[in-house]
Amino acid sequence: MTLLALTSETTAGRETLGGKAWSITEMLRHGIPVPPAFALTTDECHRYYDAGRTIPGDVLVALPAAMSELEAATGKTFGAGPRPLLVSVRSGAPTSMPGMMDTILNLGITDEVQAALAALGGGPEYAADTRRRFHEQFEKVVGSAAPGDPYEQLHLAIAAVFESWNSDRAVHYRAERGIAGDGGTAVTVQAMVFGNLDERSGTGVMFSRDPTGASTDHYGEWLPGGQGEDVVSGAFDPLELEAMAATLPDAHAQLLAMAQTLDQSAGCAQDIEFTVESGRLWLLQCRKAKVLSAADAPSTNSDPGSEQLVLAQGRPACPGAVNGVIVTDVDEAEERALAGEEVILGRPTTNPHDIRAMSVVAGIVTEIGGATSHAAVVSRELGVPCVVGIGEGKLAALSGRSVTLDATAGKVLEGVAG
């Protein structure tokens, strides 16, 4: 049985801890503030399946002691007031698979915990928002209503993360990229910090180098009042990272310094997720970032002409210029693309269930989300031109039209370029 506290002294490698937990130990070695966490290693994923898709009994017995260590580190109590501890339960494969597996945030909330959160200073709206987020995500990931007992919530969440290793989308993603299917996923259980707490809180994603290749400077996005999944899911339109500097200059300066440290240590661009809680910066994870160069930008037509009418303007996510018909139904887009048609997938925002279509279409465009969203990150890994954030409701008028997607400029243009 392998259940490890994550500290600066942890020696286990990426294959055992998974990328997410391993990155936590690396950040801690650099003195970077990371919420306390422990990991169920990839070996436990294998044991889960060997036991007939059941968490082994010795793991269940060990979990309370591991949670007690998180309680001691935070001064909070899991599932109880007056200072309740909530946790995130996150997947983490040895090889990065962005958005392919499952995560649950705010786990451990109950009636008592909600009341305690409201009394701690965030107020009833913050407490209710936190509880709503948990129940919506739990039901989506686990497939059932969340039980009232916090430890039962934890057991079901861990099992759901292990199950997501063999989800259809994860299996497809690995097959497309030649990733072995026997690695398994680790599970990271981490103390929550709350970007939705107050006006000096928020969440964001930053790259130590611009992932689109447009410059050599850092790039990032910031969502005041948000939680970790809000930016990466693409469900919201975030602000540019510089907006954080205007309201939280100290946290912004610390973030840039930490990103530089991690970049220099790793010798490559870093993709960093962070949260600010009441002005205090926490880094949640980091990983090697995909940074495009000019040679990576695909193009199936000549440069778009200046005479083409701009139908929509968004943010460049993965550069390139392609022609195609905009199709908003995922299954239809996949079917038509596989039949040889040039298709541009149009979605309000993409999610992991869209990966099959995203892998075969000529281009991608979304109504909401930024250049660090699911659509943006996955499109860069796939090398598929992508424009994000053209505006809510814009796809209704574009569906079925043949257009040019100028993803280098972030534009959807009328007609096709020659």
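Everything in this summary refers to the structure shown in the same document. Every value quoted in this text rests on a predicted model; they were computed, and no experiment measured them.

Considerations on the pairing of strand 11 (residues 270-277)
Now for step 1: For strand 11, a buried count of 8 out of 8 residues is recorded, marking the element as mostly surrounded by other parts of the structure.
Now for step 2: With 6 bridges connecting them, strand 8 (residues 202-207) and strand 11 associate as antiparallel partners. Within strand 11, the residue paired with F207 across the bridge is D271.
Now for step 3: Two strands pair when backbone bridges link them, and strand 11 and strand 12 (residues 280-288) are joined in this way by 8 bridges, in the antiparallel orientation.

What about the sheet that holds strand 12?
Now for step 1: Strand order in this open sheet of 5 strands is 10-9-8-11-12, and the pairing throughout is antiparallel. Only two strands of the sheet have a single partner each, and these edge strands are strand 10 (239-240) and strand 12.
Now for step 2: Inspection of the sheet shows strand 8 paired to strand 9 (residues 219-224) by 6 bridges, in the antiparallel sense. Residue M206 lies in a different strand from strand 9, and its bridge partner there is G220.

Describing the environment of L154
Now for step 1: Mapped onto the elements, L154 comes out in helix 5 (residues 150-164).
Now for step 2: Residue L154 is classed as buried on the basis of its relative accessible area, which comes to 0%.
Now for step 3: In the structure, L154 is positioned 135 residues away from A289 in sequence and 30 Å away in space, judged by C-alpha atoms.
Now for step 4: Beyond its immediate chain neighbours, meaning those up to four positions away, L154 contacts L63, M67, V89, L107 and V189.

Points about helix 6 (residues 168-177)
Now for step 1: Taken as a whole, helix 6 has its buried residues at R169, A170, H172, Y173 and R174.
Now for step 2: The secondary structure elements touched by the buried residues of helix 6 are helix 5, helix 11 (355-360) and helix 12 (374-382).
Now for step 3: Just past helix 6, the residue G178 takes up positive phi, approximately 65°.

Some words on empty space enclosed by the protein
Empty space among the atoms can be located by rolling a probe the size of a water molecule over them.
Now for step 1: Counted by the stated rule, this structure contains 1 cavity of 30 Å³ or more.
Now for step 2: Volume-wise, the largest cavity comes out at about 80 Å³.
Now for step 3: Lining the largest cavity are S88, R90, L105, Q190, A191, M192, V193, G195, Q227, G228, T275 and L284.
Now for step 4: If you list the elements that add at least two residues to the lining of the largest cavity, you get strand 5 (87-92) and strand 7 (186-191).
Now for step 5: Residues of the lining of the largest cavity, tallied by class, amount to 5 nonpolar, 6 polar and 1 charged.

Quick notes on the sheet that holds strand 6 (residues 103-107)
Strand pairing in a sheet is mediated by backbone hydrogen bonds. Such pairs are either parallel or antiparallel.
Now for step 1: Reading across the sheet, the 5 strands line up as 1-2-7-5-6 and stay open at both edges, with antiparallel pairing between neighbours. Here the strands that pair on one side only, and so sit at the sheet edges, are strand 1 (3-5) and strand 6. With strand direction ignored, the average angle separating the axes of adjacent strands in the sheet is 20°.
Now for step 2: Inspection of the sheet shows strand 1 paired to strand 2 (residues 37-40) by 3 bridges, in the antiparallel sense. Directly across from L4, in strand 2, lies its bridge partner A39.
Now for step 3: Of the strands in this sheet, strand 1, strand 2, strand 5 and strand 7 touch helix 3 (residues 57-74), which is tilted by about 165° from strand 2.
Now for step 4: Packed on one face of the sheet, helix 5 meets strand 2, strand 5, strand 6 and strand 7 and runs near 15° to strand 5.

Conventions and cut-offs
- Residues numbered from 1 in each chain as written.
- Predicted model: local features only at pLDDT ≥ 70, side-chain atom pairs only at ≥ 80, totals over all residues.
- Heavy atoms only, no water.
- Buried < 20%, exposed > 50% of the residue type's maximum accessible area, 1.4 Å probe, protein only.
- Helix = DSSP H or I, 4+ residues; strand = E, 2+ residues; numbered from the N terminus.
- Pairing = 2+ DSSP bridges.
- Contact = heavy atoms within 4.5 Å.
- 1 Å grid on protein atoms, 1.4 Å probe; cavity = no way out; pocket = protein on both sides within 12 Å on 5 of 7 lines; lining within 4 Å.
- Points joined across faces, edges and corners; volume = space filled by probe spheres on them.
- Nonpolar A, V, L, I, M, F, W, Y, C, P; charged D, E, K, R; others polar.
- Axes fitted to C-alpha atoms, helices over the stretch in contact; angles between N-to-C directions.

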